[in-house]
Amino acid sequence: MNNGYCTPLDITQIEENFAEIHPAMSPAEAGVEANRCLYCYDAPCMHACPTHIDIPSFIKKIASGNLTGSARVIFDANPIGATCARVCPVDVLCEGACVEKTLLKKPIEIGRLQRYATDHVLLSDRQLFDKRESNGKSVGIVGSGPAGLSCAMYLARLGYDVTVYEQRERAGGLDTYGMAEYKMSQSVSLAEVEQIAKMGVKFLLNTMIVGTKDESKNGELQDMQMVAFEEIKAWHDAVFLAIGLGATNGLGIQGEDLTGVYDALEFIEQIKTRDWRSIPLGETVVVIGAGNTAIDAATQAKRLGAEKVTLVYRRKEKDASAYEYELELAKKDGIEFLWQAAPLEILSDESSSSVAGLRCERTDGSREVFDMSCDMVIKAIGQHKQFSFFQNIAQVEVDETGRVFVEENMRTTDAKIFAGGDCVNGGAEAVDAAQMGKLAAIGIHHSLSDERIAFAGSAIPK
Ligand code: SF4
């Protein structure tokens, strides 16, 4: 490892490597692309979007020069529309369903058009939605990731006093801390948070919600306020849990505590600081796992300056959970792949407690054991479910895999508590979490008032 601490590349080179992979469209490009759209009736792209944004409508508004109106259509159905424009797997969602893909072999660039319209509003600091006059009721939201932000925005539109509890120093959850830097910088997510804060939503940062009052008294953490869940429940008329998933799973092999072993999400989070010189980086990096997070970690280690990055996975390439286009990107970035190899032990030098290699066993039937040298290992084999958090909330039922059980309106087995996002679906896209946040806001409103409402892209619950 470069003494374990820094990139060999100069800052200009790194800035170039982390330039946005899908750059902004010029007005001329956006005009041409918007005019290619057929504005389909019952558009398949709209069905394929989990938040059901009225895509033909927002594209038509771009074509007619009404960018604010276009952004309004987007944010009306998805409060994190600017984030999703950059990080959504559009190839398998809206663009994958576009009829132009079948007719002309090239789908409309919906993601980039969405970005074009939403940037117009975020950059001009324009406020699209206001809080309705207060209805005197309050909702506490635990977690400020995509599900929490979405729920907060719709509840504010309905007149609720909303407080979002977030344990980190910045709001936005994975949108702020977990997206590959070449897809999206923190500023986009924070601008969306700001839009929601301007609607009167209160964000209590550096605030950790713990299961019991005892924990909140005993577990002092530096600069962190700890609040018991039972207090949150008592303070508010309803609570929405959007706590996501926990830390990356351990490998359960020897050597996991050596210097130079990192959790993929922690590694990605450090990159988000853009303080390139302070990010630990090996010369020869091994990433264990083959999901989208593993790809993000591998490609970013390479772009940061690692000489060689190898992705190790126990199954075959066809079994990898990463999207095909993500695997293609990794290949273009020069990532090497070692399929059908399971890690047995992380090795160290005799003289130090730092990573020196990885011992693996072939899973192709040969069971051959071999060593590969490396000076950094990044674990990316999925995240823990939040079992321990729910142990202290007896009324909220969790299934055997650790996912919170919810009804169609996102209500848990406790009538006052709703849940959504990764803690419910076990880990999906930000856009799926945004939709759950919307449905939860409607579910909460229907449980606290007689008014029956729907938002863009939501079905009215029976
Ligand atoms: Fe336009 Fe394609 Fe959607 Fe049809 S399916 S409305 S062409 S983006």
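Residues numbered from 1 in each chain as written. Predicted model: local features only at pLDDT ≥ 70, side-chain atom pairs only at ≥ 80, totals over all residues. Heavy atoms only, no water.

**Q** Is there a simple way to explain the pattern of salt bridges in this structure?
**A** Any two side chains of opposite charge can pair, so long as their charged atoms come close to each other. Scanning all chains against the criterion turns up 29 salt bridges. Asp-296 serves as the salt-bridge partner of Lys-183, at 3.3 Å between the closest nitrogen and oxygen. Linking Lys-183 in the loop between α11 (174–177) and α12 (186–197) with Asp-296 in helix α16 (residues 292–304), this pair joins segments that are 113 residues apart in sequence. For Lys-183, a relative accessible area of 15% translates into the label buried. Measuring nitrogen to oxygen at the nearest pair gives 3.2 Å for the salt bridge that ties Glu-368 to Arg-362. When its relative accessible area of 24% is taken as the criterion, Arg-362 is described as partly exposed. Ionic contacts of the salt-bridge type, sharing partners, join the residues Glu-15, Glu-181, Lys-272 and Arg-274 into one network. (Salt bridge = Lys/Arg side-chain N within 4 Å of Asp/Glu carboxyl O. Helix = DSSP H or I, 4+ residues; strand = E, 2+ residues; numbered from the N terminus. Buried < 20%, exposed > 50% of the residue type's maximum accessible area, 1.4 Å probe, protein only.)

**Q** Would you mind going over unusual backbone geometry with me for this structure?
**A** Most peptide bonds adopt trans geometry, and most residues besides glycine take a negative phi value. The phi dihedral of Asn-206 falls on the positive side, at around 50°, and the residue is not glycine. Here Asn-206 is to be found in the loop between β3 (202–204) and β4 (207–210). Residue class for Asn-206 comes out partly exposed when judged on its relative accessible area of 30%. In the Ramachandran plot, Arg-274 falls in the positive-phi region, its phi being about 60° despite a non-glycine side chain. Residue classification places Arg-274 among the partly exposed residues on the basis of a relative accessible area of 32%.

**Q** Please clarify how the packing of aromatic side chains should be interpreted in this entry.
**A** Remark: the centre distance and the inter-plane angle together describe each pair of aromatic rings, the angle taken between the planes. On inspection of all chains with the given rule, the structure shows 5 aromatic pairs. Aromatic side chains Tyr-154 and Phe-455 sit 4.5 Å apart centroid to centroid with 40° between the ring planes, which places their arrangement in the tilted category. Residue Tyr-154 is found in helix α10 (residues 146–157), and its partner Phe-455 is found in the segment after α20 (430–448); the two are separated by 301 residues along the sequence. Judged by its relative accessible area of 0%, Tyr-154 is buried. Overall, Phe-455 belongs to the buried group, its relative accessible area being 11%. A centroid spacing of 6.2 Å and a plane angle of 85° characterise the contact between Tyr-313 and Trp-339, whose relative ring orientation is edge-to-face. Taken together, the positions of Tyr-313 in strand β9 (residues 308–313) and Trp-339 in strand β10 (residues 336–339) put the pair 26 residues apart, joining distant regions of the chain. Across the pair, exposure class does not vary: Tyr-313 and Trp-339 are buried alike. (Phe/Tyr/Trp six-rings, centres within 6.5 Å; stacked < 30°, edge-to-face > 60°.)

**Q** Just checking my understanding: could you explain helix α15 (residues 264–272) for this structure?
**A** If you check which residues of α15 are buried, you get Ala-264, Leu-265, Phe-267, Ile-268, Ile-271 and Lys-272. The buried residues of α15 all sit within an arc of 160° when viewed along its axis, so they share a single face. The elements touched by buried residues of α15 are α11, α12, β7 (261–263), α16 and β14 (376–379). Its side-chain oxygen 2.8 Å from the backbone nitrogen of Leu-265, Asp-263 forms the N-cap of α15. Downstream of α15 by a residue or two, Arg-274 has a phi angle that is positive, lying close to 60°. (Arc of directions from axis to C-beta. Contact = heavy atoms within 4.5 Å. Polar contact = N/O pair within 3.5 Å; in protein donor to acceptor, adjacent residues only side chain to side chain.)

**Q** Before we go on, may I ask you to explain the nonpolar core in this structure?
**A** What tends to happen in soluble globular proteins is that the nonpolar side chains get buried as a cluster. Core analysis: the biggest nonpolar cluster contains 94 residues, and Phe-58 and Leu-241 have the highest contact counts within it. Leave out the neighbours within four places in its chain, and Leu-241 touches Val-142, Phe-229, Phe-389, Phe-390, Ile-417, Phe-418, Ala-419, Gly-420 and Cys-423. Leu-281, Ala-294, Leu-311 and Leu-327 belong to the second largest nonpolar core, which has 34 residues in total. (Core = buried A, V, L, I, M, F, W, Y, C linked by side-chain atoms within 4.5 Å.)

**Q** What is the right way to read the sheet that holds strand β6 (residues 238–241) from this model?
**A** The pairing of strands in a sheet comes from backbone hydrogen bonds and takes either a parallel or an antiparallel form. What the 5 strands build is an open sheet, ordered β3-β2-β1-β6-β15; its pairing is parallel. Unpaired on one side and paired on the other, β3 and β15 (417–419) mark the two borders of the sheet. Neighbour-to-neighbour, the strand axes of the sheet open up by a mean angle of 20°, direction not taken into account. Here β6 runs beside β15; their pairing, made up of 3 bridges, is parallel. Note on β15: the bridge partner recorded for Leu-241 is Ala-419. Contacting β1 (138–142), β6 and β15, α20 crosses the sheet at an angle of about 165° to β6. (Pairing = 2+ DSSP bridges. Axes fitted to C-alpha atoms, helices over the stretch in contact; angles between N-to-C directions.)

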